[in-house]
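One letter stands for each residue in the lines below.
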Amino acid sequence: MSDFTPVSGFDLPRYAGIPTFMRLPHVPLDDPRLNDVQIGLIGVPWDGGTTTRPGTRHGPRALRDASTMIRAQNGSTRLRPFEMVNCADLGDVPPNPASLENSMARITEFYGQVVKAGIRPLTAGGDHLSSLPILRAVAGEPLGFIQFDSHTDLFDSYFDGQRYTHGTPFRRAVEEELLDPKKMVQIGIRGTMYDTEDRDFAKAVGIRIIEIGEFFARGVPDVMAEAREILGTGPSYVSYDIDFIDPAFAPGTGTPEVGGPNSCQALEVVRALSGVNIIGADMVEVSPPFDLGGLTALAGVSVMFELLCVMAEAVKSGA
């Protein structure tokens, strides 16, 4: 375990040293220690699917820097994930900024190596299209899926037939049978709309959408109890768009929507996934050019730590 222990702030100040995710060791894919890693933290510095404000390609670097503030123990659950499982920073997928298609292929190939090594990936994006090529590598069968977001990302196409944007990944994932729509739940959906195409598709295939009004009316415990029931006991994937959180708490994102959860609720929904067999997760759409004082990156990496904790529980339980 000592090879996979984060550097303590008591040994090296948090502003010193080379920043890795949560101060974990960097273990590239060709490192002989790779086979000992159980959860790998990975950056996808790519925003080729963005249709409005760019900048999420810089998200992983900002999240790594903010993650130096993460300590060894969860203050609410008391879990110590780095003592439960072997975790490491596996580095960044090298995207091709000149080609959307080639970048997606590179992402899938990288994650294919991660999955082959028996590692559960925890990703820092990148825009939300990043999730699709990850799922192509991770989903050996149609997965259960929970999405925290203000948008469904279920549209068929943008700009006269462009089928790969950050507004379409989960339409494609259902069509490619990477996700089981009957075991999908999207939480926090809100904002103005182009039309109802995405909702109509969700209703047709059986995706459960919990819009923000219902979320607030029912509260976190009740909503998350339903979400756990939908996911069931099979393998599931979690995708967390930072714009799930109200922009008052997380302004640095490409498509902010007011009227969302606060930062406390943002963490509570993840803690409520305890017991779910999470085989992979991502935190996407952190855009440093629109951030204020690093608030969004700090919120994002705090969510990633909560995801790490519930993933560590799943690994430890043998799920």
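Refer to the structure above for everything that follows.
The rules behind each value
Residues numbered from 1 in each chain as written. Predicted model: local features only at pLDDT ≥ 70, side-chain atom pairs only at ≥ 80, totals over all residues. Heavy atoms only, no water. Core = buried A, V, L, I, M, F, W, Y, C linked by side-chain atoms within 4.5 Å. Buried < 20%, exposed > 50% of the residue type's maximum accessible area, 1.4 Å probe, protein only. Helix = DSSP H or I, 4+ residues; strand = E, 2+ residues; numbered from the N terminus. Contact = heavy atoms within 4.5 Å. Axes fitted to C-alpha atoms, helices over the stretch in contact; angles between N-to-C directions. Left-handed = near helix turned anticlockwise from the far one by under 90°. Pairing = 2+ DSSP bridges. Right-handed = clockwise from strand over helix to strand, strands pointing away.

Undergrad: Tell me about the nonpolar core, and please be specific about residues and values.
TA: Residues Met22, Ile39, Ile146, Phe148, Ile187, Met224 and Tyr240 are the most contacted members of the largest nonpolar core, which totals 58 residues. Sort the elements by how many residues they give to this core and helix 10 (residues 295-316) lands first, with 13 residues. Sequence-distant contacts of Ile146, defined by excluding residues within four places in its chain, comprise Val185, Ile187, Met224, Ala227, Leu231, Tyr237, Val238, Ser239 and Leu273. Judged by nonpolar contacts, the second largest core, of 42 residues, contains Leu129, Val138, Ala139 and Met184.

Undergrad: A description of the packing of helix 3 (residues 100-116) against helix 4 (residues 131-138) should follow, citing residues and the corresponding values.
TA: Axis separation between helix 3 and helix 4 bottoms out at 8 Å; the angle between their running directions is 35°. The hand of the helix 3/helix 4 crossing is right-handed. Of the residues in helix 4, those touching helix 3 at Met104, Ile107, Thr108, Tyr111, Gly112 and Val115 are Leu132, Pro133, Ile134, Arg136, Ala137 and Val138.

Undergrad: Can you explain the pairing of strand 4 (residues 143-148)? Please cite residues and give values.
TA: With six of six residues buried, strand 4 is to be regarded as a mostly interior element. Neither face of strand 4 is left uncovered, since the one carrying Leu143, Phe145 and Gln147 and the one carrying Gly144, Ile146 and Phe148 both have all their residues buried. Bridge analysis of strand 4 against strand 5 (residues 179-189) gives five bridges, and the strand direction is parallel. The residue bridging Phe148 from the neighbouring strand is Ile187, located in strand 5.

Undergrad: Could you give an account of the environment of Ala312, with specific residues and numbers?
TA: Looking at the secondary structure, you find Ala312 in helix 10. Ignoring anything within four residues of it in the chain, the contact list for Ala312 reads Ile39, Pro81, Met84 and Val85.

Undergrad: So what's going on with the pairing of strand 6 (residues 208-211)? Which residues, and what values?
TA: Note: strand 5 against strand 6, four bridges, orientation parallel. Bridge pairing in strand 6 places Gln186 opposite Ile209. Handedness of the crossover joining strand 5 and strand 6 through helix 6 (residues 197-205) is recorded here as right-handed.

Undergrad: Let's hear about the sheet that holds strand 5: which residues, and what values?
TA: Read across the sheet, eight strands follow the order 2-1-3-8-7-4-5-6 without closing on themselves; strand pairing throughout is parallel. Both edges of this open sheet fall to strand 2 (87-92) and strand 6, since each of them pairs with a single strand only. Mean inter-strand twist for the sheet, computed between neighbouring axes without regard to direction, equals 15°. Strands strand 4, strand 5, strand 6 and strand 7 (236-241) of the sheet are contacted by helix 8 (residues 220-231), whose axis makes an angle of about 165° with strand 5.

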